Amino acid sequence: MDRKEFLKSSTLFGAAALVLPTTNAFAKNLSDNSIDKLVDANGNYIQQTLPYSESFLEPYMDAETLHLHYTFHHGGAVKGANKDLQMIKKALDENSLETIDLWTKKLSYHFSSHILHSIFWTNLTNKSNIPQGNLLKRIEKSFGSFDRLKVLIAATAKNVDGNGWGILAYQPYSDSLVVLQCENHEKLTQWGAIPILVIDVWEHAYYLKYKNKRTDFVDALFNIINWDNVAMRLNDALKLTR
């Protein structure tokens, strides 16, 4: 396989893998949980409908912020990822590889944004709940207690340099939960780690309501985290890696 064919196959594999038929339990959940379908049958990136109304998360997240965030920031990432994919294909078709690094970097940025935002929306609900069952046991094993996890992920998210995310992920290589700090959408991440809870601390996520008070926004989010969704994502990650 020459460089052109390798680049083409490796770039498109991520999208294709989500739509290929399989009996894998994780893939089955993708078919049942529609917001996690990030591509259509042709491998184009798609943005799913929000699982609730734009006022659903009030008062902790206002409807105007949610609308702008979902429509223009998440939606813009989806459009950007599709353009990046088209430009990579064009470069390969024309054997013009001098721009390939630019477009693969852009795709990493835009598609990572698409993935994290899609998780973010399902990580939120309008009622308070707490971790239970296997998720709670895993939290206690990795961090000592639920309260210690909250302190750690809150501090991690609040202290991101510039824009980014605080992330709770399952790390299969160590069979543990880890807290990560992600700059932008793709920097400072760990290979193989599977996000199960993400906290968006880009300014567009909170500035209309919380102004420059990122810490207040992060603290408020703990009132609406959907720990049942986090537990589901942990179970899916375990199935994927076993």
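Rules used throughout
- Residues numbered from 1 in each chain as written.
- Predicted model: local features only at pLDDT ≥ 70, side-chain atom pairs only at ≥ 80, totals over all residues.
- Heavy atoms only, no water.
- Core = buried A, V, L, I, M, F, W, Y, C linked by side-chain atoms within 4.5 Å.
- Buried < 20%, exposed > 50% of the residue type's maximum accessible area, 1.4 Å probe, protein only.
- Contact = heavy atoms within 4.5 Å.
- Helix = DSSP H or I, 4+ residues; strand = E, 2+ residues; numbered from the N terminus.
- Pairing = 2+ DSSP bridges.
- Salt bridge = Lys/Arg side-chain N within 4 Å of Asp/Glu carboxyl O.
- Axes fitted to C-alpha atoms, helices over the stretch in contact; angles between N-to-C directions.
- Left-handed = near helix turned anticlockwise from the far one by under 90°.
- Nonpolar A, V, L, I, M, F, W, Y, C, P; charged D, E, K, R; others polar.
- Phe/Tyr/Trp six-rings, centres within 6.5 Å; stacked < 30°, edge-to-face > 60°.
- Parallel < 35°, antiparallel > 145°, perpendicular 65-115°, else oblique.

Under an unreviewed UniProt entry, the name given to the chain is Superoxide dismutase, and the source organism is Flavobacterium algoritolerans.

Turning to the nonpolar core, a few remarks are in order. Inside soluble globular proteins, nonpolar side chains tend to come together where they are buried. Core analysis: the largest hydrophobic core is formed by 54 residues, its most contacted members being Met61, Leu149, Leu168, Leu177 and Trp227. Those residues in contact with Leu149 that lie beyond four places of it in its chain are Ile139, Phe143, Leu168, Val179 and Trp227. Formed by 14 residues, the second largest nonpolar core is a distinct cluster that contains Leu38, Val78, Ala81 and Leu92.

On to the environment of Ala81, then. Assignment of secondary structure puts Ala81 in helix H3 (residues 63-93). The spacing of Ala81 and Trp103 is 22 residues in sequence and 9.3 Å in space, taken between C-alpha atoms. Aside from chain neighbours lying at most four places away, what touches Ala81 is Tyr45, Leu107, His110 and Phe111.

What follows deals with the pairing of strand S2 (residues 176-183). With six of eight residues buried, S2 lies mostly within the body of the structure. When strand S1 (residues 164-171) meets S2, the two strands line up antiparallel, connected through eight bridges. When the sheet's bridge partners are listed, Gln171 is paired in S2 with Ser176. Connecting the antiparallel pair S1 and S2 is a turn made up of four residues, with Asp175 showing a positive phi of about 50 degrees.

Let us now look at the pairing of S1. Counting buried positions over the eight residues of S1 gives eight, a clear majority of the element. Burial along S1 is two-sided: Gly164, Gly166, Leu168 and Tyr170 facing one way and Trp165, Ile167, Ala169 and Gln171 facing the other are all buried. Pairing analysis gives six bridges linking S1 to strand S3 (residues 194-200), with the strands arranged antiparallel. Bridging from a neighbouring strand, Gly166 pairs with Ile199 of S3.

A few words now on the pattern of salt bridges. Counted under the stated rule, the structure contains seven salt bridges. Residue Lys89 pairs with Asp93 through a salt bridge whose shortest N-O separation is 2.9 Å. Note that Lys89 and Asp93 are positioned in helix H3 at a spacing of four residues, about one turn of the helix. Take Lys89: its relative accessible area is 46%, and that puts it in the partly exposed class. Among the ionic pairs, Asp147 bridges to Lys150, the shortest N-O distance being 3.7 Å.

Moving on, we get to the sheet that holds S2. Strand order in the open sheet made by the three strands is S2-S1-S3, with antiparallel pairing throughout. The strands lining the two open edges of the sheet, one partner per strand, are S2 and S3. Mean inter-strand twist for the sheet, computed between neighbouring axes without regard to direction, equals 20 degrees. Sheet strands in contact with helix H4 (residues 100-122) are S1 and S3, and its direction is about 80 degrees off that of S3. Against the sheet, helix H6 (residues 146-158) makes contact with S1, S2 and S3, and its axis sits at roughly 20 degrees relative to S2, the strand it touches most.

For the rest of this paragraph, the subject is the packing of H6 against helix H8 (residues 214-221). One can describe the packing of H6 onto H8 by two numbers: an axis separation of 10 Å at closest approach and a directional angle of 145 degrees. Both H6 and H8 take part in a crossing whose hand is right-handed. Two secondary-structure elements touch here, H6 through Ala154, Ala157 and Lys158 and H8 through Arg214, Thr215, Val218 and Asp219. Among the residues making up the contact of H6 with H8, the classes are represented as three nonpolar, one polar and three charged.

Our next topic: the packing of aromatic side chains. Under the counting rule described, the total for this entry stands at nine aromatic pairs. With a centroid separation of 4.5 Å and 35 degrees between ring planes, the pair formed by Tyr45 and Phe111 is classed as tilted. Taken as a pair, Tyr45 in the loop between helix H2 (25-32) and H3 and Phe111 in helix H4 lie far apart in primary sequence, 66 residues in all. Residue Tyr45 is classed as buried on the basis of its relative accessible area, which comes to 5%. What makes Phe111 buried here is its relative accessible area of 15%.

Here we come to the packing of helix H5 (residues 133-143) against helix H9 (residues 227-241). Interaxial distance between H5 and H9 falls to 9 Å at its minimum, and their mutual angle equals 80 degrees. In terms of orientation, H5 lies roughly perpendicular with respect to H9. When H5 is examined against H9, the residues Asn134, Leu135, Arg138 and Ile139 are found in contact with a partner set consisting of Trp227, Val230, Ala231, Leu234, Asn235 and Leu238. Among the residues forming the contact of H5 with H9, the class breakdown is seven nonpolar, two polar and one charged.

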